[in-house]
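For reference, the chains in residue letters:
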Amino acid sequence: MVSQTVIDGLRPYSIGEKIRALRLRKKMGLVELGQHTGLSAALLSKLERGKLFPTLPTLLRVAMVFSVGLEYFFREERKNMVTIVRKNERQRFPDKPATNDISYFFESLDFSATEKKINAYYADFQPIAPEKARIHFHSGVEFLYVMNGELGLKIGNEEHQLESGDSIYFDSSVPHSYRRAGKKPCDGIVVTLG
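Residues numbered from 1 in each chain as written. Predicted model: local features only at pLDDT ≥ 70, side-chain atom pairs only at ≥ 80, totals over all residues. Heavy atoms only, no water.

Draft legend 1. Structural context of the overall build of the protein chain. When helices and strands are tallied, the protein chain shows five helices and nine strands. Along its sequence from the N terminus, the protein chain presents helices and strands in the succession α-α-α-α-α-β-β-β-β-β-β-β-β-β. Across its three principal directions, the C-alpha atoms of the protein chain cover 80 × 30 × 25 Å. For the protein chain, the proportion of its 194 residues judged to be buried stands at 34%. Residue pairs in contact within the protein chain that sit at least 24 positions apart in sequence constitute 60% of those at least 6 positions apart. Surface accessibility of the protein chain: about 12400 Å² in total, with carbon and sulfur atoms responsible for 54%. Measuring between centres, the 28 positive side-chain charges of the protein chain sit 10 Å from its 23 negative side-chain charges. (Helix = DSSP H or I, 4+ residues; strand = E, 2+ residues; numbered from the N terminus. Buried < 20%, exposed > 50% of the residue type's maximum accessible area, 1.4 Å probe, protein only. Contact = heavy atoms within 4.5 Å. Areas by Shrake-Rupley, 256 points an atom, 1.4 Å probe, with all protein chains shown as cover. Lys, Arg positive; Asp, Glu negative; His and termini not counted. Charge placed at Lys NZ, Arg CZ, Asp CG, Glu CD.)

Draft legend 2. Layout of the packing of aromatic side chains. Per the counting criterion, the structure on display carries eight aromatic pairs. On the basis of an interplanar angle of 55° and a centroid distance of 6.4 Å, the ring pair of Y104 and F106 is categorised as tilted. Using a relative accessible area of 8% as the deciding quantity, one classes Y104 as buried. A connected cluster of aromatic rings, assembled from ring pairs, spans F93, Y104, F106, Y121, F125 and Y178. The lysine or arginine in question, R92, covers the ring of F105, its NZ or CZ lying 4.1 Å from the ring centre. (Phe/Tyr/Trp six-rings, centres within 6.5 Å; stacked < 30°, edge-to-face > 60°. Lys NZ or Arg CZ within 6 Å of the ring centre and 35° of its normal.)

Draft legend 3. Geometry of helix α4 (residues 41-48). Within α4 the residues assigned to the buried category are L44, S45, L47 and E48. Buried residues of α4, seen end-on, are gathered within an arc of 160° and therefore sit on one face of the element. Where α4 is buried, its residues touch α2 (15-25), α3 (30-37) and α5 (56-65). Of the residues one or two after α4, G50 is the one with positive phi, at around 75°. (Arc of directions from axis to C-beta.)

This is the structure:
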């Protein structure tokens, strides 16, 4: 009898479902798989339905039929990753703490996501003299969408003016800075990759 701890530890790997998927991909029936492995169709059916867990030698027989290694069965299945960040959960930070020269405040829109491929922020751009705007750079690329207002953006030696509804994509390894250009509030979404 297999303990509940072992069952709970093996369940996330979905070994039976992986066996069934391999068999169906090859358009093979349980009896045919049994002939290749020397295992009964009844035993294979129980393995596929998760009623039994295979021993390593049994699993190796199945793996050899489909030309996969044992590690194939022990990779956890990736679930649909869904992470929601509620507006009231976000924290607001200045681009430069402990100073009055603030170019923008930002809030992470994806802080609770794991294994992120991008970083997304809500930015509230502040009016600041161009020479005081914080110049920064980071590897990768950046995408910025202006939701409201006018934004002054300096990338390298080039000045850009963006208005509500405009967007820009650029190499973020080039030094850049942002500042609110008009009198009205200015905010947007910043997405970085790298």
